[in-house]
Each structure stands twice: as C-alpha cells, then as structure tokens.
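Topology and contacts: notes
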Amino acid sequence: MCHITQRSSTFSFSKICSIFWRFHHTSTSHWCSCSKTVSDEKYHDPFQLGKKDLKNLYEDIKKELLVSAAELKEMCDYYFDGKGKAFRPMVVVLMARACNIHHNNSKEVQASQRSVAIIAEMIHTASLVHDDVIDDANSRRGKRTLNQIWGERKAVLAGDFILSAASVALARIGNTTIISVLTQVIEDLVRGEFLQLGSKENENERFAHYLEKTFKKTASLIANSCKAVSILGCPDPKVHEIAYQYGKNVGIAFQLIDDVLDFTSCADHLGKPAAADLKLGLATGPVLFACRQFPEMNAMIMRRFSKPGDVERAWKYVLQSDGVQQTTYLAQRYCHAATREIRKLRPSPEREALVHLTEMVLTRDK
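Residues numbered from 1 in each chain as written. Predicted model: local features only at pLDDT ≥ 70, side-chain atom pairs only at ≥ 80, totals over all residues. Heavy atoms only, no water.

Selection rule: UniProt positions are given in the numbering used here, feature names are shortened, and annotations may be inferred rather than shown by experiment.
Going by what an unreviewed UniProt entry lists, the protein chain is known as All trans-polyprenyl-diphosphate synthase PDSS1 and is assigned to Hylia prasina. The annotation that UniProt attaches to the protein chain under Subunit (unreviewed entry) is "Heterotetramer composed of 2 PDSS1/DPS1 and 2 PDSS2/DLP1 subunits." Under the heading Cofactor (unreviewed entry), UniProt records this for the protein chain: "Mg(2+)".

Some thoughts on the side chain of His209
Formally: In this description a helix means any DSSP run of H or I spanning at least four residues, a strand means any run of E spanning at least two, and both kinds are numbered starting from the N terminus. The contact criterion used throughout is that any non-hydrogen atoms of two residues lie within 4.5 Å.
Within the secondary structure, His209 sits in helix α12 (residues 203–233). In this structure His209 touches Leu195, Gly198, Ser199 and Lys200, once residues within four positions along its chain are discounted.

Overview of the packing of aromatic side chains
In plain terms, the rule: The criterion for an aromatic pair is that two Phe, Tyr or Trp rings (for Trp, the six-membered ring) have centres within 6.5 Å, with stacked assigned to planes under 30 degrees apart, edge-to-face to planes over 60 apart and tilted to the rest. Relative accessibility thresholds used throughout: buried, under 20% of the residue-type maximum; exposed, over 50%; partly exposed, between the two (1.4 Å probe, protein chains only). We call a charge positioned above a ring when the Lys NZ or Arg CZ atom is no farther than 6 Å from the ring centre and deviates by at most 35 degrees from the ring normal.
For the coordinates displayed, the defined rule picks out eight aromatic pairs. Seen in terms of ring centroids, Phe207 and Phe289 are 5.2 Å apart; in terms of plane orientation they differ by 65°. Their pairing is edge-to-face. With a gap of 82 residues between them, Phe207 in helix α12 and Phe289 in helix α16 (residues 285–293) connect regions that are remote in the sequence. Overall, the relative accessible area of 1% leaves Phe207 in the buried class. Members of the aromatic cluster, connected to one another through ring pairs, are Tyr78, Tyr79 and Trp150. Directly above the ring of Phe47 sits Lys85, whose terminal nitrogen or CZ lies 5.6 Å from the centroid. The residue whose ring lies beneath Arg88 is Phe254, and the NZ or CZ to ring-centre distance is 5.4 Å.

A closer look at the pattern of salt bridges
Any two side chains of opposite charge can pair, on the condition that their charged atoms come close. The following threshold applies: The working definition used for a salt bridge is a side-chain nitrogen of Lys or Arg within 4 Å of a carboxyl oxygen of Asp or Glu.
Scanning the model with the defined rule gives 20 salt bridges in all. Look at the salt bridges and you will find they share partners, linking Asp53, Arg97 and Glu350 into a network.

Some words on helix α5 (residues 57–64)
Basically, it comes down to this: Directions are taken from the helix axis to each C-beta atom, and the arc is the one they span.
Taken as a whole, α5 has its buried residues at Leu57, Tyr58, Asp60 and Ile61. Angular distribution of buried residues about the axis of α5 spans 155°; they occupy a single face of the element. Summarising the contacts, the buried residues of α5 are in contact with α4 (51–54), α7 (87–104) and α8 (111–135).

Details of unusual backbone geometry
In the Ramachandran plot, Ala86 falls in the positive-phi region, its phi being about 55° despite a non-glycine side chain. Within the element layout of this structure, Ala86 appears in the loop between α6 (70–77) and α7. For Ala86, a relative accessible area of 9% corresponds to the buried category.

Quick word on the environment of Pro89
Looking at where Pro89 falls in the secondary structure, it is placed in helix α7. Take Pro89: its relative accessible area is 0%, and that puts it in the buried class. Setting aside its immediate chain neighbours within four residues, Pro89 contacts Leu54, Leu57, Ala117 and Glu121.

Observations regarding a nonpolar patch on the surface
Our working rule: A patch consists of residues exposed above 30% relative accessible area that lack any salt bridge, with like charges linked at up to 9 Å and nonpolar side chains (Val, Leu, Ile, Met, Phe, Trp, Tyr) linked at up to 5 Å. All accessible areas in this document rest on Shrake-Rupley with a 1.4 Å probe, and a residue is counted as covered only by the protein chains that are shown.
Together, Ile134, Val190, Phe194 and Leu197 line one region of the surface with nonpolar side chains, adding up to about 430 Å² of accessible area. Here the nonpolar patch takes three residues from helix α11 (residues 176–197), the largest share from any one element. Assignment of secondary structure puts Ile134 in helix α8.

A short note on the side chain of His240
By the element assignment, His240 lies in helix α13 (residues 237–264). Those residues within four positions of His240 in sequence are excluded, and the remaining contacts are Lys227, Ser230, Ile231, Cys234 and Pro235.

As for the environment of His209
Classification of His209 as buried rests on a relative accessible area of 13%. In this structure, the C-alpha to C-alpha distance between His209 and Gly198, residues 11 residues apart in sequence, is 9.2 Å.

A word on the packing of α16 against helix α19 (residues 323–342)
Which entries qualify depends on this criterion: Helix axes are fitted only over the stretch in contact, all axes being lines through C-alpha atoms; the angle between N-to-C directions runs from 0 to 180 degrees. When an angle is under 35 degrees it counts as roughly parallel; over 145 it counts as roughly antiparallel; between 65 and 115 it counts as roughly perpendicular; any other value is oblique. Each helix crossing is assigned a hand: it is left-handed if the near helix lies turned anticlockwise from the far helix by less than a right angle, otherwise right-handed if that turn is clockwise. All residues other than Ala, Val, Leu, Ile, Met, Phe, Trp, Tyr, Cys, Pro, Asp, Glu, Lys and Arg, Gly among them, are scored as polar; the first ten of these are nonpolar and the last four charged.
Two numbers describe how α16 lies on α19: the axes approach to 7 Å, and their chain directions differ by 120°. When the axes of α16 and α19 are compared, the pair comes out oblique. Note on packing geometry: the crossing formed by α16 with α19 is right-handed. Side by side, α16 and α19 meet where Gly285, Pro286, Phe289 and Ala290 of the first sit next to Gly323, Val324, Gln326, Thr327 and Leu330 of the second. In terms of residue class, the contact of α16 with α19 is made up of five nonpolar, four polar and no charged.

Examining the confidence of the model for the protein chain
One rule of thumb: low pLDDT means the predicted coordinates there are not for detailed reading. For the record, the criterion: One number per residue, pLDDT, summarises how confident the predictor is, and it ranges from 0 to 100.
Per-chain confidence: the protein chain averages 87 in pLDDT, with 86% of residues scoring 70 or above. At the level of individual helices and strands, the protein chain shows its lowest average pLDDT in helix α1 (residues 2–6), which scores 38, and its highest in α19, which scores 98. Scored below 50 in pLDDT, residues 1–13 shows 31 contacts in the model against residues more than four places distant or in partner chains. Predicted confidence is poor over residues 17–43, with pLDDT under 50, and the contacts of this stretch with residues over four places away or in other chains come to 37 contacts.

Quick word on the packing of α7 against α12
Here α7 crosses α12 at 30°, and the two axes come no closer than 8 Å. Comparing their axes, α12 and α7 come out roughly parallel. α12 is crossed by α7, and the crossing has right-handed handedness. Each of Phe87, Arg88, Val91, Val92, Met95, Ala96, Cys99, Asn100 and His103 in α7 lies in contact with α12, whose residues at this interface are Leu221, Ile222, Ser225, Cys226, Val229, Ser230 and Gly233.

Points about α8
The condition is simple: One less than the number of residues in a helix, times 1.5 Å, gives the span that helix is expected to have.
The terminal C-alpha atoms of α8, which comprises 25 residues, lie 36 Å apart, in line with the 36 Å expected from a rise of 1.5 Å per residue. Among the 25 residues that make up α8, 21 are buried, leaving the element largely enclosed by the rest of the structure. The first or second residue beyond α8 is Asp136, which carries a positive phi of 55°.

Below you can see the structure in the form of structure tokens.
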C-alpha cells in the first residue's frame, strides 16, 4: 500500500478500483482472519495504556497558551476542554514507548517525547480553527465554532496564536532535526488546504489529488509526530521510517473513514452536519468511487456541487453505489500496511496497542 500512496499518480483510477474490487472479492476473508488473529492476542486498550502519559495534557497545553488578554485566553481554551479523546497525542506516546522499548527496553516516555504529543495536539487544534473559518463551519465537536461565537477575524488570530505557542514549545525541545520534522507538518497543512481548494478534470488525476490532499491535511501530522518521537528515542533510521509509515497509513485510513462517516453517521454523532463535505463542494473517496458507476457525477464534481439539487443527487448516487464500501476497503488496506510496519518493532504492549488501534480506526462511528 505504501507503494500506491507514494506513487499514486502513476496508477489510473480504473486500476485502483480494480485493485480494491479484487481485494474485496478474493482477500476479504484473509483480512478478517488477520483481524481475528490480532483480536485473539492479549493487548491493552490504547487509550488506557496511554492514559498515564496523557494525564494533565490539556492543563499543560493551557500553560503553553498563557496570555494576559482574557478574550484570547477564553478562545484558546475553548477546544482544550479535556473532553476530546486526544487521539493524536495517544498515538504519539504509544509510538514513543514502543520505540524506546525496541531500542533499549525503556518503558518511560521522555519529557521531550511528551512535548511532541502536546505540540501535535496544538497544531491539530489550530488547523481546526483555521479550517472552520475557511469552511464557514457552524459546529465542531458538538458545539459552536470559534468563528461563530467570536467572528472570523478573531478566530484566525486565535489559530495563529496556538500555532505560535506550539512553535515556542517546539523550539524548547532544542533539537533541530525535530524542529525540521514538525515544521514540515505546518507546510503540509497549508499545501493540503490549497489542494482542497482546487479540483482535477481528469478522473485519474482526481483520485491521486484526493489521496495527496488527505495525506497533507490529516496524515502528515500523525506520520511526522511519530517519526519525531522515534528520533528522540532511537538512533536507528529504520525505526524512524517504521514510525513514519505507521503514522502515515493510520492517518490516511482515519481520514478515509471520516469521509465514509460523512455519509453513514448522523450529525449528532459526528459533532458536525452530515453531508458537510458535499456542501463544501468536496469530492471525497465515496464520491469518487461512486462516479465510476454514475458518470453523470463528473459534471457535478467539476462545478463543486454548486447547482440547486446537486448535493441531494450526489448523496443518493453515493448511497446507491458501492462508494462507501470501496472507501472502507481502501482504509482497510492502509490499516493493514500500518500493522505490517509496526510489527517490525520488538514485541511490547504498546506495539500491540498500536496494532489494535488500526482496528479501532476502521470500526469507529464518530
């Protein structure tokens, strides 16, 4: 799967479809038995295993955001309320422990590695604040967005401030390699947003465009954060690549399932409106796969579902097609690749928790 993600532009869309069609019909039983084998092993709940290292995570983030202006402080604290699952920091601390154990059997997370987990959550949250402004979003995580409460201008400034605080925390680690790795995330976020603003007429290019955008906007943060903690915990470049590839594959799968849930989960469950991507004019995985069965969707994709009735028609086409299934199978392939990578590390409860996490990504409903 790594080969496909790195060189996706060389694959035609029809070939991608046929790969996943064959995968479904010839290998589904293999995937299921693989999952069952993993499920039968004794591993720990990732969230429970990472709990110790994530204790007081949001309080520590708020310390990084120490500011005298009351309104700015209130805005910065708004999403750091401790009610989120802290998915990204959890992946980061588990990867840190797995790499430390692999290298010298140390089970403790270093202070610098925990700082990476904090920085990852800050960068992620800042990107959400900015995304909500760009999308004119009304709700996020089940509550009103910053831009709805305080206005667009102040929301942009709050996102900028969170990013600047994350940069200060990053500089404090004092490792130029880590600074280089994590600043790549910010560049990718911007480039990913520009990719999302554009669209491709050719359907083969369109799918490669979608996967590249998915990596830059979602997976780069997880991949590079995992790589950063592996560098801090182990000198072996092979381990750094394992950590990066695991994070990349899990991150892409996470977003693919997110795109599926936009069609299959109710708005209350998601914490944002259903069909949000279609309303923003975005053609995600389920739409691109559905387009193979309903070519009339091509025109709608190119005009970004802007005509009256486009969103409703596209929604129906996706649900009548196998777009949701094919996107789910694609996510399975990415998770399978992530599992292959992480199993190259020495056995540990953290390694098994990261394996289990791939199953949780596939079965989540919000």
